[in-house]
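Letter by letter, the chains look like this.
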Amino acid sequence: MSEALAPVVVKEIPPKAADLSAWYTAACLKAELVSYSPVRGCVVLRPYGFGLWENLRTHLDARFKATGHENAYFPLLIPESLLLKEAEHVEGFAPEVAWVTQGGSETLSERLAIRPTSEVIIGTMYAQWIESYRDLPILINQWANVVRWEKATRPFLRTMEFLWQEGHTAHATAEEGRDETLRILELYRDFAENVAAVPVYAGRKSAGERFPGAVETFAIEALMPDGRALQSGTSHDLGQNFARAYDITFVDADQQIKHAYTTSWGVSWRMLGGLIMVHGDDRGLRIPPKMAPIEAVFVPIVRSGDDRAIEVCTTAAQRLRQAGFRVRVDTREEQPGWKYSEWDLRGVPVRIEIGPRDVDAATATLARRDRDKSDKEQRRTVALDSLAEVLPELLSDIQTSLYAQAKAFLESHTYVVQDRAEFFKLCKDRAGMVDIAWCERAECEALVKAETSATTRVLRPLEGANATCVVCGEPAKVRAYFAQSY
RNA sequence: CGGGACGUAGCUCAGCUUGGUAGAGCGGUGCGUUUGGGACGCACAGGUCGCAGGUUCAAGUCCUGUCGUCCCGACCA
């Protein structure tokens, strides 16, 4: 093997394919996205990780605003008596609610839940705000932290405290509520695929996977490299369940008092975990350009008595920043090769190398993170003046290529199955998304889970008639993707 | 919450079986030489061995408890 083609050796993280868990944890820590904290199950989101979260927030927030939603903020603490009003909801969340029982030195007369989600407190406020059909719809989103007392935690995928957004809306009719639920589902799908570059299956959840208290739950599900599915966003049609529990009523145009129809929907920083696992490779993260805190990093190459590259990089970076690019200049006193590896690990889409040769020729050498060193097209040299024109195209191409790779993986790991034995084997082996005609019976789903640990991820309408359930032979009602999940 | 493994320098770990002066590599700091895929020399700094009890003349090492991390299940976003 010639020296030029020697594989890039990564010391900090283990190979991805050998042990996805070990790779994932190391990647999150070494890329400086998160640090473990003194609090069990809670991570610190470091500046680079927060940058990633901010980009998620910016893109989703713009989509929420564009569809008529407004941001607001509700209390972190929820009185127990309020929480108890919706039985199914309480039962669903009881095992993971953290409680405040003491304030200063005084024991509280009523304990306060730290929100695991905010349907309760927001529903209570909606009951006060809504009087007439003219007050509807209410379309509110909250960016917040929530706490769920988890037993096993992992960075982003499951932490006791996590950041998310939760949308809560109220409508005059069932149709409007359902439309909202589906509008958001599509918004999430669009964000996941076109911004995070994570292809997903979107659809309805089975009754067993439904949000506690919801009439219907919809979700987007992504496929991780180990063949497990990651629920990456949910949208719930709550019907009138919460309106009844929290007395959200209004006088309609026909002068009748009616309960409102509500929805809730959320995406958490868990989606970042999905993005990391889906796109990363043995060298570390590969962040899709639209989500990247740093789109391009300048690495000036200096020699003894020749540090002109630093000045050239700084000037070029300043110009790109003014043009709206997110760039950084790495002026640390390290070897260029060391910096290449570090920025590879941190997943910056484009590296801009400028050395003495480039300074003399007024050029810059671009290296793209989605290609390997052995790929002749990983690097190209362009005129320094043309960076602002070349970059958008390059970033866009990287975005597209990352999505295409992930899409190809999802498609090649989706199995349409007719045979029962094959279905069970694929589920048990964590082969990926296993697509069957299904009867939609809870007992059938429970059986599959007991045998294989796989559950339904999302359901979609059945095409054609007279299909039977691949698992039990009863008449099929839907098509279902089964997979083991995170 | 069950089963398993592990907590010793910033990181990865050795030392524990058989109690007796706290170790290595990497990393850090300073100076110098280097710099287009993880450079090198010299010098320096860095630890109440996760925490709390106990046994002992003496505990990183033995005992008990506790907290945390990872893996596999169960549960959950």
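These figures come from a predicted structure and were not determined experimentally. (Residues numbered from 1 in each chain as written. Chains lettered and ligands numbered in written order. Predicted model: local features only at pLDDT ≥ 70, side-chain atom pairs only at ≥ 80, totals over all residues. Heavy atoms only, no water.)

1. Here's the deal with helix 12 (residues 387-412)
The periodicity of an α-helix, 3.6 residues per turn, causes residues three or four positions apart to be oriented the same way. This is how the line gets drawn: Each helix corresponds to a stretch of at least 4 residues labelled H or I by DSSP, and each strand to a stretch of at least 2 residues labelled E; elements are numbered beginning at the N terminus. Expected helix span is computed as 1.5 Å times (number of residues minus one). Relative accessible area decides the class of each residue, using a 1.4 Å probe on protein chains only: under 20% of the type maximum gives buried, over 50% gives exposed, and in between gives partly exposed.
For helix 12, which comprises 26 residues, the first-to-last C-alpha distance of 37 Å matches the rise-based estimate of 38 Å (1.5 Å per residue) to within 8%. Every buried residue belonging to helix 12 is among Leu-387, Val-390, Leu-391, Leu-394, Leu-395, Ile-398, Gln-399, Ser-401, Leu-402, Ala-406 and Leu-410, and all of these are buried.

2. Looking at the environment of Phe-156
Mapped onto the elements of the fold, Phe-156 is located in the loop between strand 7 (138-147) and strand 8 (161-171). Taking the C-alpha atoms as reference points, Phe-156 and Ile-276, separated by 120 residues in sequence, lie 9.8 Å from one another.

3. Some words on the protein's contact with RNA strand B
Using the following cut-off: Residue proximity to a molecule or strand is established when one non-hydrogen atom of the residue lies within 4 Å of it. Nitrogen and oxygen atoms within 3.5 Å of one another constitute a polar contact, given that in protein one can donate a hydrogen and the other can accept it, and given that sequence-neighbouring residues count only through two side-chain atoms. Ten residue types, Ala, Val, Leu, Ile, Met, Phe, Trp, Tyr, Cys and Pro, are classed as nonpolar, four, Asp, Glu, Lys and Arg, as charged, and the remainder, Gly among them, as polar.
As a structural note, the neighbourhood of RNA strand B is formed by 48 residues, with Glu-12, Arg-158, Arg-270, Trp-338 and Arg-379 the closest of them. A breakdown of the atoms of RNA strand B within 4 Å of the protein gives sugar and phosphate a share of 47%. In this structure, a base oxygen belonging to RNA strand B sits 2.8 Å away from a side-chain N or O atom of Gln-335. Elements represented by at least two residues in the surface near RNA strand B include exactly helix 10 (336-346), strand 17 (350-354) and helix 11 (356-361). The biggest single contributor to the surface near RNA strand B is helix 10, with seven residues. Residues that form the surface near RNA strand B fall into these classes: twelve nonpolar, 13 polar and 23 charged.

4. Points about the pairing of strand 14 (residues 261-268)
Operational definition: The rule for pairing is simple: two strands pair if DSSP sees at least two bridges between them.
Here strand 14 lies mainly inside the structure; seven of its eight residues are buried. Pairing of strand 8 with strand 14, which is carried by eight bridges, proceeds in the antiparallel orientation. Each residue of the ladder has a partner; that of Gly-167, found in strand 14, is Trp-265. Here five bridges tie strand 11 (residues 229-239) to strand 14, and the two strands are oriented antiparallel to one another.

5. Thoughts on empty space enclosed by the protein
The condition that has to hold: Two kinds of site are reported from a 1 Å grid over the protein atoms alone, namely cavities, where a 1.4 Å probe fits but cannot get out, and pockets, open sets with protein on both sides within 12 Å along at least five of seven lines, and residues are called lining when an atom falls within 4 Å of a point. Grid points are joined across faces, edges and corners, and a volume is the space filled by probe spheres set on the points.
Inspection of every chain in the model, using the stated rule, returns three cavities of 30 Å³ or more. Reported here for the largest cavity is a volume of approximately 70 Å³. If you go around the largest cavity, the residues you meet are Glu-119, Ile-122, Gly-123, Tyr-126, His-168, Thr-169, Leu-238, Phe-242, Ile-248, Thr-262, Thr-263 and Ser-264. For the lining of the largest cavity, the secondary-structure elements that each account for two or more residues are helix 5 (119-129), strand 8 and strand 14. Here the lining of the largest cavity gets four residues from one element, more than from any other, and that element is helix 5.

6. Here we look at the domain arrangement of chain A
Selection criterion: The source of the domain bounds is an automatic or database domain assignment. Residue contacts follow a heavy-atom distance rule, with two residues in contact if any of their heavy atoms lie within 4.5 Å. The term buried area refers to how much accessible surface (probe radius 1.4 Å) is lost by two components on association, counted for both of them together.
Its domain assignment divides chain A into domain 1 (20-279), domain 2 (296-394) and domain 3 (415-483). For domain 1 and domain 3, the distance between their C-alpha centres works out to 28 Å. Taken together, the contacts link 17 residues of domain 1 with 14 residues of domain 3. Here domain 1 meets domain 3 over a buried area of about 1,300 Å², counting both sides, of which 56% is carbon and sulfur.

7. What to know about the layout of surface pockets
In this structure, the largest pocket encloses a volume near 1,200 Å³. Ranked by residue count, the leading element in the lining of the largest pocket is strand 11, at six residues. Considering only residue class, the lining of the largest pocket consists of 13 nonpolar, 16 polar and twelve charged. Two domains share the lining of the largest pocket, each providing at least three of its residues, namely domain 1 (20-279) and domain 3 (415-483).

8. What about the packing of helix 1 (residues 20-30) against helix 8 (residues 270-279)?
Put simply, the rule is: In this description, a line fitted to the C-alpha atoms serves as the axis of each element, helices being fitted only across the stretch in contact, and the angle between N-to-C directions of two axes falls anywhere from 0 to 180 degrees. In a left-handed crossing the near helix is turned counterclockwise from the far helix by less than a right angle, and in a right-handed crossing that turn is clockwise.
Where helix 1 meets helix 8, the closest approach of the two axes is 11 Å, and the angle between their N-to-C directions is 115 degrees. Helix-helix and strand crossings are classified by hand; for helix 1 and helix 8 the assignment is right-handed. Between helix 1 and helix 8, the contacting residues are Leu-20, Trp-23, Tyr-24 and Cys-28 on the first element and Gly-273, Ile-276 and Met-277 on the second. Looking at the contact of helix 1 with helix 8, its residues break down into six nonpolar, one polar and no charged.

9. Quick notes on the pattern of salt bridges
Note the threshold: Counted as salt bridges are all cases of a side-chain nitrogen of Lys or Arg within 4 Å of a carboxyl oxygen of Asp or Glu.
Under the definition given, this model contains 40 salt bridges. Of the charged contacts, one joins Glu-209 and Arg-457 as a salt bridge, the two residues approaching to 3.6 Å between their closest N and O atoms. One end of the pair, Glu-209, is in the loop between strand 9 (200-204) and strand 10 (216-223); the other, Arg-457, is in strand 22 (residues 455-461), and 248 residues separate them in sequence. Here Asp-429 and Lys-425 are joined by a salt bridge, their closest N and O atoms 2.6 Å apart. For Asp-429, a relative accessible area of 46% translates into the label partly exposed.

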